[in-house]
Amino acid sequence: MSVATWNVDAGEEQGTYRNANAQSPQTKGPRTYRIAELFLILLAIAVSAGAYALVGLGTDKQIPANVIEYSVWLAALSIILHAVTWWRAKYADPVIVPIAVLLNGLGLAMIFRLDQAKNTHVAVNQLIWMTLGVLLATATVIFVRDHRILRRWTYTFGLAALLLLLLPLIPGLGKTINGARIWIHLGPFSFQPGELAKIFLAIFFAGYLVTFRDQLTAAGKKFLGLSFPRLRDTGPIAIAWVASVGILVFQRDLGTSLLFFGLFVAMLYIATNKKSWILIGLTLFVAGAVVASQMFSHVNQRLSGWLNALSPEEYNKSPGGSYQLVQGLFGMAKGGLVGTGLGEGRPNVVPYAESDFIYASLGEELGLIGLFVILILYVILFQRGFKTASELRDGFGTLLLAGLSFTVALQTFIVVGGVTRLIPLTGLTTPFLAAGGSSLVANWIIIGLFLRASDNARRPAEELATGVLRVAPSRESESKSRKGTGGSNAEAAPTSSARSASADEEAQTVQTDQAGSEAPTTVLNQKEVE
């Protein structure tokens, strides 16, 4: 029985089959770079442990007594994830985990430094949340054998995201903190369900946009050189806009509203390649924000504190003044180019310095150079995510990875832009750096999805055909094959173009393999295999 593989040229929808047995001598697959990943992880651990030790030297003139235990625990978590990646996703991108570990380690060091100043124990809780996040990322790599299987539950994820967003509005369960009702409390624990909802929404948007891509790309009227969609096809963006405005109104959270709506508009543009969607999205959001600023006091306070931050009236206003923003700016100005040194500044003067304003805290003690290094790490993480999206062989995976990468980038921009007074403050947390268990756990799950998708993108087609990813032929093709070969079937591995997102070539099913486990498959409804 011959094994056939499916090849599609970029930008084309027609494919050709080639017989794997008729190939020239098998070429060696791409390098896995797992040793390089281990080296980078150890380097990230060393930098994180060094920062932790410098905090102790700066605050107490001695190295913290638990620096060895902290370093060992951080190393154990990182190496466990590295080992599982080597085992189940050996072709995964080798840069993703080290960047996440380094950002998380720097955040822990700064939170520990603020604990020393405030006599609190937030860093211990953050380390516990990091442990949970890394374990969930590890579980994602192990149990999500193929990212495309997530498309089977597109609408389930969409409904789950909606329920998560509504949880804080339930009386007795939701709680308002600093004017925003985005938290739920279960006994001594609190959680921000919107952080998990952003992952579910990315999966839902990817599945939906792949299915209805043709309708959304249909040509409409042209204006100023832009091709606008047909009026009847604007329903999805209108629904997303109404949902984002609902979050802004009922949960009083400008940041989450901007994040979710921006995610949908970005994925819509990637799916359709129509610039008019970006213009429509920006117009709708600006219009909603302006109307909300006139109708709701909490939005007006955000805008006033941004525009008039240095005025005495706004600075001394309580609550809702610009004291937090201005103190953060003063702290970064004091840090200058190289910073005051870890443990040598006064970042604790800024309210919520360990969460909302941890970027300003790092700016004071690491300086402008340190802030640029942190931003470069985020840019690299974003670039690796988009590179993986472009290399994936399916439209659903392309949209999912692009959406998740954009989520991390947009959230970072919103936070950094608010702290530096580029845009109004929103209350979001900086990914991996800021204190906040729900945000940290959600971002580590995103890392797990990055690893799984990048492994599938870089894995050679010959290995995909051996059971990691399999393709089930269409029923007509199977019947013809039986007539011509006496009942033998041909299996094929998909390497479809990442830019081709039609529903037919993306339809998902699950086929049980010989071991009894479920392996995701793609039903090809293109040309039949004879």
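Because the structure is predicted, anything quoted here is derived from the model rather than measured.

Draft legend 1. Local environment of the overall build of the protein. Helix and strand counts for the protein come out as 18 helices and eleven strands. Counting over 530 residues, the protein shows a buried share of 53%. Counting only contacts in the protein whose residues sit at least 6 apart along the sequence, the fraction spanning at least 24 positions is 71%. In the structure as shown, the protein presents an accessible area of about 23800 Å², 63% of it carried by carbon and sulfur atoms.

Draft legend 2. Just the environment of Thr-176, in detail. Within the secondary structure layout, Thr-176 lies in strand S3 (residues 174–177). Each C-alpha atom of the pair Thr-176 and Arg-252 lies 9.3 Å from the other, and the pair is 76 residues apart in sequence.

Draft legend 3. Expanded view of unusual backbone geometry. Residue Asn-273 is not a glycine yet carries a positive backbone phi of 60 degrees. On the secondary structure map, Asn-273 appears in the loop between helix H9 (254–272) and helix H10 (275–295). Relative accessible area serves as the criterion here: at 59%, Asn-273 is assigned to the exposed category. Unlike most non-glycine residues, Phe-432 shows phi in positive territory, near 75 degrees.

Draft legend 4. Broad picture of the nonpolar core. In this structure, Met-130, Leu-400 and Trp-444 are the most contacted members of the largest nonpolar core, which totals 119 residues. By residue number, the principal contributor to this core is helix H3 (residues 96–118), which donates 14 residues. In contact with Leu-400, other than residues within four places in its own chain, are Leu-150, Ala-202, Ile-203, Ala-206 and Met-267.

Draft legend 5. Here's a closer look at the packing of helix H14 (residues 358–391) against helix H16 (residues 437–458). Where H14 meets H16, the axes come as close as 9 Å, and the angle between the chain directions of the two elements is 40 degrees. In this view, H14 runs oblique relative to H16, as classed from their interaxial angle. In this structure, H14 crosses over H16, and the sense of that crossing is left-handed. Along the contact surface, H14 presents Leu-381, Gly-385, Thr-388 and Glu-391, while H16 presents Ile-447, Phe-450, Ala-453, Ser-454, Ala-457 and Arg-458. By residue class, the composition of the contact of H14 with H16 is five nonpolar, three polar and two charged.

Draft legend 6. Just the packing of helix H15 (residues 395–419) against H16, in detail. One can describe the packing of H15 onto H16 by two numbers: an axis separation of 10 Å at closest approach and a directional angle of 145 degrees. The element H15 and its partner H16 pack so that their crossing is left-handed. Contacts between H15 and H16 involve Leu-401, Leu-404, Ser-405, Val-408 and Gln-411 from the first element and Ser-439, Asn-443, Ile-446, Leu-449, Phe-450 and Ala-453 from the second. Considering only residue class, the contact of H15 with H16 consists of seven nonpolar, four polar and no charged.

Draft legend 7. Representation of the packing of aromatic side chains. On inspection of all chains with the given rule, the structure shows eleven aromatic pairs. Between Tyr-315 and Tyr-323, the ring centres sit 5.4 Å apart and the planes meet at 55 degrees, which makes this aromatic pair tilted. Judged by its relative accessible area of 24%, Tyr-315 is partly exposed. Taken together, the ring pairs connect Tyr-155, Phe-204, Phe-205, Tyr-208, Phe-212 and Phe-264 into an aromatic cluster. Residue placement shows Arg-152 over the ring face of Trp-153; its charged tip is 4.9 Å from the ring centre.

Draft legend 8. Spotlight on helix H2 (residues 67–88). In this model, H2 (22 residues) spans 32 Å end to end at C-alpha, consistent with the 32 Å of a helix rising 1.5 Å per residue. Within H2 the residues assigned to the buried category are Val-67, Tyr-70, Ser-71, Leu-74, Ala-75, Leu-77, Ser-78, Leu-81, His-82, Val-84 and Thr-85. Buried residues in H2 make contact with helix H1 (34–60), H3, helix H4 (122–143) and H16.

Draft legend 9. A look at the side chain of Thr-256. Mapped onto the elements of the fold, Thr-256 is located in helix H9. The class for Thr-256 is buried, based on a relative accessible area of 6%. Thr-256 has contacts with Gln-192, Ile-247 and Leu-428, leaving out every residue within four places of it along the chain.

Draft legend 10. Expanded view of the confidence of the model for the protein. Scored by pLDDT, the protein comes out at a mean of 79, with 76% of its residues at no less than 70. When mean pLDDT is taken per element in the protein, H2 scores highest with 96 and strand S1 (residues 4–8) scores lowest with 33. This model gives residues 1–26 a pLDDT under 50, and the stretch forms 54 contacts once residues within four places in sequence are excluded. This stretch, residues 466–478, has a pLDDT under 50; its non-local contacts, to residues over four places away or in other chains, come to 41 contacts.

Draft legend 11. The pattern of salt bridges, seen in detail. Under the criterion given, the structure shown has ten salt bridges. Asp-146 serves as the salt-bridge partner of Arg-148, at 3.0 Å between the closest nitrogen and oxygen.

Draft legend 12. Summary view of the environment of Arg-452. Summarising the element assignment, Arg-452 is placed in helix H16. Taking the relative accessible area as the measure of exposure, Arg-452 reaches 2% and is therefore buried. Sequence separation between Arg-452 and Arg-88 is 364 residues; the distance between their C-alpha atoms is 8.6 Å. The residues contacting Arg-452, other than those within four sequence positions of it, are Arg-88, Ala-89, Val-141, Val-144, Arg-145, Asp-146 and His-147. Of the polar contacts made by the side chain of Arg-452, one reaches the backbone oxygen of Val-144; its length is 2.6 Å.

Conventions and cut-offs
- Within any chain, residue numbers begin from 1 and follow the written order of that chain's sequence.
- In keeping with the model being predicted, local features are shown solely for residues with a pLDDT of at least 70 and side-chain atom pairs are shown and tallied solely at 80 or more, while totals for entire chains, interfaces and linings include all residues.
- To get the side-chain values, all heavy atoms of the structure are used, and hydrogens and water are removed first.
- Under the scheme used here, helices are H or I runs from DSSP no shorter than 4 residues and strands are E runs no shorter than 2 residues, and both carry numbers assigned from the N terminus.
- Accessibility here uses a 1.4 Å probe with only protein chains present; expressed as a share of the type maximum, an area under 20% marks a residue as buried, one over 50% as exposed, and anything in between as partly exposed.
- Any two residues whose heavy atoms approach within 4.5 Å at even a single point are treated as in contact.
- Computed with a 1.4 Å probe, the accessible areas rest on the Shrake-Rupley method; for each residue, only the protein chains presented here act as cover.
- Among the buried residues, those of types Ala, Val, Leu, Ile, Met, Phe, Trp, Tyr and Cys that are joined through side-chain atoms within 4.5 Å form a nonpolar core.
- The axes used here are C-alpha line fits, helices contributing only the stretch in contact, and every angle between their N-to-C directions lies in the interval 0 to 180 degrees.
- Here is the rule for angles: anything less than 35 degrees is roughly parallel, anything more than 145 is roughly antiparallel, 65 through 115 is roughly perpendicular, and the remaining ranges are oblique.
- Should the near helix be turned counterclockwise from the far one by less than a right angle, the crossing is left-handed, whereas a clockwise turn marks it as right-handed.
- The nonpolar class holds Ala, Val, Leu, Ile, Met, Phe, Trp, Tyr, Cys and Pro. Asp, Glu, Lys and Arg form the charged class, and all remaining residues, Gly among them, are polar.
- Classification of ring pairs rests on two measures: the distance between centres of Phe, Tyr or Trp rings, Trp counted by its six-membered ring, which must be within 6.5 Å, and the angle between planes, read as stacked under 30 degrees, edge-to-face over 60 and tilted in between.
- Two conditions define a charge sitting above a ring: the NZ of Lys or the CZ of Arg must be within 6 Å of the ring centre, and it must be within 35 degrees of the ring normal.
- Helix span, expected: 1.5 Å multiplied by one less than the number of residues in the helix.
- pLDDT is a per-residue confidence score from the predictor, ranging from 0 to 100.
- For salt bridges, the criterion is a side-chain nitrogen of Lys or Arg within 4 Å of an Asp or Glu carboxyl oxygen.
- As used in this structure description, the phrase polar contact means that two N or O atoms lie within 3.5 Å; if the pair is within protein, one of them must be able to donate a hydrogen and the other to accept it, and residues adjacent in sequence are counted only when both atoms belong to side chains.

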